[in-house]
Amino acid sequence: MLLPTADYTMTTGTYDGGNVERHSLYPKIRLEKRFISGGRIYSEYGANSIWIVKGDPNQVINGFRKGLTHRFQSGVDFRMGEYIYANGNYLLRKDPGDTPLFQKLTAKVRAVF
């Protein structure tokens, strides 16, 4: 299943006596396959663009910096038997500027009784 989405956010307010106005556009596309057993596998790519109209350009919005951030995420969720669930997730993110690639790999197993 192919799921395209887009989020637009406008943030306004004040900080240290100054006004703030920031905008964010985050289009993303997700490819997902669900299984009858309740498991799924997915991959998602998004490009978050943030621009500052007024305020401190060093502040972040939802963890993203000013400019264009590329984000790729892939994962798998599945059930092992009746009570055990497992998932794995890989995240790759490139922030604006000369920042290095950010990578994160997580794996979880839980039992539900």
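Scroll up a little and you will see the structure.
No experiment lies behind these values; they were computed from the predicted model shown.

Calculation criteria
Residues numbered from 1 in each chain as written. Predicted model: local features only at pLDDT ≥ 70, side-chain atom pairs only at ≥ 80, totals over all residues. Heavy atoms only, no water. Salt bridge = Lys/Arg side-chain N within 4 Å of Asp/Glu carboxyl O. Helix = DSSP H or I, 4+ residues; strand = E, 2+ residues; numbered from the N terminus. Buried < 20%, exposed > 50% of the residue type's maximum accessible area, 1.4 Å probe, protein only. Phe/Tyr/Trp six-rings, centres within 6.5 Å; stacked < 30°, edge-to-face > 60°. Lys NZ or Arg CZ within 6 Å of the ring centre and 35° of its normal. Contact = heavy atoms within 4.5 Å.

*Asks:* Could you clarify how one ought to interpret the pattern of salt bridges in this entry?
*Replies:* A side chain with one charge may pair with a side chain of the opposite charge, provided their charged atoms come close. Per the counting criterion, the structure on display carries 8 salt bridges. Note that D7 is salt-bridged to K28, the shortest N-O span being 3.8 Å. You can see D7 sitting in strand β1 (residues 2-15) and its partner K28 sitting in strand β2 (residues 18-34), a full 21 residues away along the chain. A residue is classified by how much of its surface remains accessible, and D7, at 37% relative accessible area, is partly exposed. Close ionic contact of E32 with R34 constitutes a salt bridge, the shortest N to O distance being 2.8 Å.

*Asks:* How should I be thinking about the packing of aromatic side chains in this particular structure?
*Replies:* The description of two aromatic rings rests on the distance between their centres and on the angle between their planes. Enumeration over the complete set of coordinates arrives at 1 aromatic pair. Over the ring of Y42 we find R30, and its NZ or CZ is 4.2 Å from the ring centre. The ring centre of Y85 lies 5.2 Å from the NZ or CZ of R110, which sits over that ring.

*Asks:* What should I look at first to understand the environment of G13 in this one?
*Replies:* Note that G13 resides in strand β1. A relative accessible area of 31% places G13 in the partly exposed class. Along the sequence, G13 and D77 sit 64 residues apart, while their C-alpha atoms lie 39 Å from each other. Setting aside anything within four residues of it in sequence, one finds G13 in contact with G18, N19 and V20.

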